[in-house]
Amino acid sequence: QVQLVESGGGLVQAGGSLSLSCAASRSIVSINAMGWYRQAPGRQRELVAAITSGGRTNYADSVKGRFSISRDNAKNTMYLQMNSLKPEDTAIYYCQMTGWGGLYWGQGTQVTVSS
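Cut-offs applied
- Residues numbered from 1 in each chain as written.
- Predicted model: local features only at pLDDT ≥ 70, side-chain atom pairs only at ≥ 80, totals over all residues.
- Heavy atoms only, no water.
- Disulfide = S-S within 2.5 Å.
- Helix = DSSP H or I, 4+ residues; strand = E, 2+ residues; numbered from the N terminus.
- Buried < 20%, exposed > 50% of the residue type's maximum accessible area, 1.4 Å probe, protein only.
- Contact = heavy atoms within 4.5 Å.

Draft legend 1. Fine view of the state of the cysteines. Considering all chains together, one arrives at one disulfide under this definition. Here Cys22 is linked by a disulfide to Cys95, with a sulfur-sulfur distance of 2.1 Å. Between Cys22 and Cys95 the sulfur-sulfur dihedral comes to about 60°; the bridge is accordingly right-handed. Here Cys95 lies in strand 9 (residues 91-99) and Cys22 lies in strand 3 (residues 18-24), a separation of 73 residues in the sequence. Note on accessibility: Cys22 and Cys95 belong to one class, buried.

Quick look at the structure:
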């Protein structure tokens, strides 16, 4: 079984920054598909950013230029740096990794941006 443990959420004012981390309990070297999703109240979960094993990234239009996804294979950790945060970024953020024979989600971390 694989566990993904997220950290770094919190409350921030609009225009501020937060950094999220997602630590896996197994090596992520071979994991090609990983990303961050978010779900706001009353809305469907949506992809925020994704990164491949080769470092190729993909972002939702709403976060392009403000968010940056990265991974550190040596630490088995994926990151999401969020800058210029807006109230509409408020949501529960989840990390996801596909590999090790399955699809795994983190427990979620709340990000709240006040206006």
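Text resumes after the structure shown.
Draft legend 2. Layout of the environment of Gln81. Within the secondary structure, Gln81 is located in strand 8 (residues 77-82). In this structure Gln81 comes out as partly exposed when scored by relative accessible area, which is 29%. Along the backbone, Gln81 and Leu20 are 61 residues apart, and their C-alpha atoms lie at a distance of 6.4 Å. Setting aside chain neighbours within four positions, we find Gln81 in contact with Ser17, Leu18, Ser19, Arg66, Phe67 and Ser68.

Geometric values such as these leave the question of function open.
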